[in-house]
Amino acid sequence: MNIKYLDLLAHKYDSEEKVVTEIINLEATLNLPKGTEHFVSDLHGEYQAFQHVLRNGSGRVKEKIRDLFQDELSDTEINEFATLVYYPEEKLKLIRDKCVNKQELQHWYTETIDRMIKLISYSSTKYTRSKLHKALPQEFVYIIEELLYKIDENTNKKQYYSKIVQQIISLGQADKIITGMAYSTQRLVVDHLHVVGDIYDRGPEPDKIMDTLINYHSVDIQWGNHDALWIGAFAGSKVCLANIIRICARYDNLNIIEDVYGINLIPLLNLADKYYEDNPAFRPKSNSDKKKSDHELLQITKIHQAIAIIQFKLEMSIIKRRPYFNMSERLLLEKINYDKNEITINGKTYPLENTCFATINPDNPSELLKEEEQVLDRLLFFVQHSEKLARHMNFLMKKGSLYLKYNGNLLIHGCIPIDEKGNMEKMVIENHTYAGRDLLDIFEHYLRHAFAHPEETDDLATDMVWYLWTGEYSSLFGKRAMTTFERYFIKDKETHKEIKNPYYHLRENEEICSKILAEMDLNPNVGHIINGHTPVKEIKGENPIKANGKLIVIDGGFSKAYQSTTGIAGYTLLYNSFGIQLVAHEKFNSKKDVLLKGSDVLSVKRLVDKELERKKVLETNEGERLLQEISVLKSLLENRYRSLDQSLQFND
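Now for a quick tour of the structure. (Residues numbered from 1 in each chain as written. Predicted model: local features only at pLDDT ≥ 70, side-chain atom pairs only at ≥ 80, totals over all residues. Heavy atoms only, no water.)

### Structural notes on the overall build of the protein chain
Right, on to step 1. Each helix and strand counted, the protein chain has 27 helices and 17 strands in total.
Right, on to step 2. Computed over the C-alpha atoms, the radius of gyration of the protein chain is 28 Å, within 12% of the 26 Å expected from 2.2 N^0.38 for a compact globule of 652 residues.
Right, on to step 3. Along the three orthogonal principal directions, the C-alpha set of the protein chain runs to about 95 × 75 × 45 Å.
Right, on to step 4. Every one of the 652 residues in the protein chain was classed for burial, and the buried ones make up 56%.
Right, on to step 5. Intrachain contacts of the protein chain at a sequence separation of at least 6 include 72% that bridge at least 24 residues. (Helix = DSSP H or I, 4+ residues; strand = E, 2+ residues; numbered from the N terminus. Rg over C-alpha atoms; globule rule 2.2 N^0.38 Å. Buried < 20%, exposed > 50% of the residue type's maximum accessible area, 1.4 Å probe, protein only. Contact = heavy atoms within 4.5 Å.)

### So, the sheet that holds strand β9 (residues 409–412)
Right, on to step 1. With respect to topology, five strands assemble into an open sheet ordered β8-β9-β12-β14-β13, the strand pairing being mixed. Two strands close off the open sheet at either side, each with one partner strand: β8 (403–406) and β13 (545–546).
Right, on to step 2. Across three bridges, strand β12 (residues 529–531) lies against strand β14 (residues 551–553) in parallel orientation. Its bridge partner lying in β14, Ile529 is registered against Leu551.
Right, on to step 3. On the sheet, helix α20 (residues 436–452) packs against β8 and β9 and is oriented at approximately 120 degrees with respect to β8.
Right, on to step 4. Across the sheet, helix α24 (residues 510–519) is in contact with β9, β12 and β14; its angle to β12 comes to roughly 100 degrees. (Pairing = 2+ DSSP bridges. Axes fitted to C-alpha atoms, helices over the stretch in contact; angles between N-to-C directions.)

### Regarding the layout of surface pockets
To find the voids left in a structure, one rolls a probe of water-molecule size over its atoms.
Right, on to step 1. In this structure, the second largest pocket spans a volume of roughly 920 Å³.
Right, on to step 2. Forming the walls of the second largest pocket are 34 residues, and the residues nearest its centre are Thr29, Lys131, Asp191, Glu622 and Arg625.
Right, on to step 3. Among the elements of the structure, α2 (16–29), α8 (129–135), α11 (174–189), β8 and α27 (621–651) are those that each provide at least two residues to the lining of the second largest pocket.
Right, on to step 4. In terms of residue count, α27 provides more of the lining of the second largest pocket than any other element does, five residues in total. (1 Å grid on protein atoms, 1.4 Å probe; cavity = no way out; pocket = protein on both sides within 12 Å on 5 of 7 lines; lining within 4 Å. Points joined across faces, edges and corners; volume = space filled by probe spheres on them.)

### Comments concerning the packing of helix α16 (residues 266–275) against helix α18 (residues 370–384)
Right, on to step 1. The contact between α16 and α18 brings their axes to 9 Å, and the two run at 155 degrees. With respect to α18, the element α16 is oriented roughly antiparallel. For the pair α16 and α18, the sense of crossing is left-handed. Contact with α16, carried on its side by Pro267, Leu268, Leu271, Lys274 and Tyr275, involves Glu371, Glu372, Val375, Arg378, Leu379 and Phe382 of α18 and no other residues of that element.
Right, on to step 2. Residues belonging to the contact of α16 with α18 are distributed by class as follows: seven nonpolar, no polar and four charged. (Parallel < 35°, antiparallel > 145°, perpendicular 65-115°, else oblique. Left-handed = near helix turned anticlockwise from the far one by under 90°. Nonpolar A, V, L, I, M, F, W, Y, C, P; charged D, E, K, R; others polar.)

### Observations concerning empty space enclosed by the protein
Right, on to step 1. Taken as a whole and assessed by the stated rule, the structure comprises four cavities of 30 Å³ or more.
Right, on to step 2. A volume near 190 Å³ is recorded for the largest cavity.
Right, on to step 3. Those elements that place two or more of their residues in the lining of the largest cavity are α17 (294–321), α21 (460–470) and α22 (484–489).
Right, on to step 4. Element by element, the count of residues in the lining of the largest cavity is highest for α17, at five residues.
Right, on to step 5. Residue composition of the lining of the largest cavity, grouped by class: eleven nonpolar, three polar and two charged.

### Concerning the packing of helix α13 (residues 225–234) against helix α19 (residues 387–399)
Right, on to step 1. Between α13 and α19, whose axes approach to 10 Å, the crossing angle comes to 125 degrees. Taken as axis vectors, α13 and α19 run oblique relative to one another. Where α13 crosses over α19, the handedness of that crossing is left-handed. Of the residues in α19, those in contact with Asp227, Trp230, Ile231 and Phe234 of α13 are Leu389, Ala390, Met393, Leu396 and Met397.
Right, on to step 2. Within the contact of α13 with α19, the residues separate by chemical class into eight nonpolar, no polar and one charged.

### Thoughts on the sheet that holds strand β4 (residues 336–337)
Right, on to step 1. In space, the three strands of this open sheet follow the order β4-β5-β6, with antiparallel pairing throughout. Edge strands, defined here as strands with exactly one partner in the open sheet, are β4 and β6 (348–351).
Right, on to step 2. Alignment of strand β5 (residues 342–345) against β6, held across four bridges, turns out to be antiparallel. Directly across from Ile345, in β6, lies its bridge partner Lys348.

### Here's the deal with the pattern of salt bridges
Right, on to step 1. Overall, the coordinates contain 40 salt bridges when judged by the stated rule.
Right, on to step 2. Ionic pairing is found between Asp273 and Lys302, a salt bridge with its closest N-O pair at 3.1 Å. With Asp273 in helix α16 and Lys302 in helix α17, the pair connects residues that are 29 residues apart, well separated along the chain.
Right, on to step 3. The partner of Glu498 in a salt bridge is Lys479, with the nearest N and O atoms 3.0 Å apart. Placement of Glu498 in the loop between α22 and α23 (503–506) and of Lys479 in the loop between α21 and α22 is noted, with a sequence separation of 19 residues between them.
Right, on to step 4. By sharing partners, the salt bridges in this structure join Glu72, Glu111 and Arg115 into a single network. (Salt bridge = Lys/Arg side-chain N within 4 Å of Asp/Glu carboxyl O.)

### Comments concerning the packing of aromatic side chains
Right, on to step 1. Summed over the entire model, instances satisfying the criterion amount to 21 aromatic pairs.
Right, on to step 2. Where Tyr503 meets Tyr504, the ring centres are 5.3 Å apart and the plane angle is 85 degrees; that geometry is what we call edge-to-face.
Right, on to step 3. Overall, Tyr503 belongs to the buried group, its relative accessible area being 1%.
Right, on to step 4. Judged by its relative accessible area of 10%, Tyr504 is buried.
Right, on to step 5. In textbook terms, an aromatic cluster arises when at least three aromatic residues are bridged by ring pairs, as seen for Phe282, Phe312, Tyr338, Phe357, Phe485, Tyr488 and Phe489.
Right, on to step 6. The ring of Tyr149 carries Arg129 above its face, with NZ or CZ at 3.8 Å from the centroid.
Right, on to step 7. Sitting over the face of the ring of Tyr504, Lys500 holds its NZ or CZ atom 5.7 Å from the ring centroid. (Phe/Tyr/Trp six-rings, centres within 6.5 Å; stacked < 30°, edge-to-face > 60°. Lys NZ or Arg CZ within 6 Å of the ring centre and 35° of its normal.)

### Re the side chain of Ser474
Right, on to step 1. Position of Ser474 among the secondary structure elements: in the loop between α21 and α22.
Right, on to step 2. A relative accessible area of 0% means that Ser474 is categorised as buried.
Right, on to step 3. Here the side chain of Ser474 touches Phe477 through a polar contact of 3.2 Å, landing on its backbone nitrogen.
Right, on to step 4. Discounting residues that sit within four places of it in the chain, Ser474 has contacts with Cys415, Pro417, Phe443, Tyr467, Leu468 and Trp469. (Polar contact = N/O pair within 3.5 Å; in protein donor to acceptor, adjacent residues only side chain to side chain.)

None of the figures reported here should be taken as evidence of function without further support.
Below you can see the structure in the form of structure tokens.
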């Protein structure tokens, strides 16, 4: 053990008693039940639905309330109390308005504070007192702890505890303390949150999701393809930037670019006004919550075309300078007969419709106009100087990774690229061959390098981030090709199909899943693969639990756009000390519905895997960390304090 490190540690633990106390505490903590992990995926900017799932802990909050008060409260009262825990500020206002007089309100406060104290006590039974202390609202921590750790409440201290509650109410602090305890309960029922990809995409409020995650007590993120696209744009990839603007235009979400992140689109609009007209293929997808004038819709349509053509040009340049990407068949602008307005793909010729090729030079289709270059440069400047976007992207990098091995499970948004026989697909990058875990690691290496060097805009690292978005062997994309061009310009839907990596049908095979877990240095006998990325079509009978429970898909469709084909509104996963449960969610309508009706958008819970023995902290990633900490503290004890005692005894 490094002596200098031990010397530094001794400043924190400056006596033998402090070291011993901490060792005792950590050793005891190892024997507590593991905390509850909460898995969500493919949020796609749907902040309101995500907020509700986060606040109710995918049903954990109501479970705790029902377990505790099932003999005391009716189902209606349980729903009312649960809603108070989810949305305390809004529910308290409704309660105040409902109470007919001050006396009735005071009685309700007294009863509710008592129930909140009981709920916090029940929800914290597997935590140390120190951890509970940190979860409580700090401005009221002394008062709440006095009520939590009641002693002798039937004799000497009965009036003492009663007076505390009376004073909370009479001094006008009841709303604040109930609100604080509600948020503490939310925090206690979920120990750690996993976001298995795609915070961003078509939904209207990804920024609010990011702000929520930044303030969440314990979270990690596995990047999705859309997250990588936003990271790439901030890191200097112009083609990633073109993609995020195109997607926002397509789904009428340009306000995320302009209003939320402060990126000036006027230069792009001026370019679009000059070269483009109305075009039905590029009109934004309708959103019933938004009402725009015909003029505004036309502006978005023009911007959509301008940035799409820029994107196609930029993609060609990457494909040509990175031949080992094996994407030459995607040089589609070169396959167009501009006189006949048709394209030849794989030997078959198709007519083109809704074309917008005014800025394309048929002799050099990938060439950007000088105006397009200038617009891109200005857009990139605005993106990289957005303080809010910088904060969000830095958080994505700090808490994110391409995959995560956590408590024996593999968390990955998309796939592990494999061939039809289940072997790891190989990709050659700069004369080096990568497959399986090594391929994912090199992808992440390049993404982090691109982010660390935002001044480099067309190097291998930024090109590799784009490959993660659209490449055949990308673990985030997992398809043969992305047919964006075909969907805009070719009517024949046969050209729109995107062939998935064999992973997506082989993951039904338990042996294949075990092979993947072993490739990632995980125990195939007990581990699980947890995926997002592909909506589960439950309406057609698809099962999100695959390979005899070895793999679980938790993207059932948070995004409203998917709900008509999935039949539900998303899956989440809970993993506590007793086992793993999958939770399916019904469509989330509004917070107002929850407040007034007590609706909880939860449906059937399915047991995925039950622990034979209740899992302890000792058996988790956190347990590994604590064991390392204990080892260091024991070294400090032996080398700094006990050796000193022995030296003194010898001198005596």
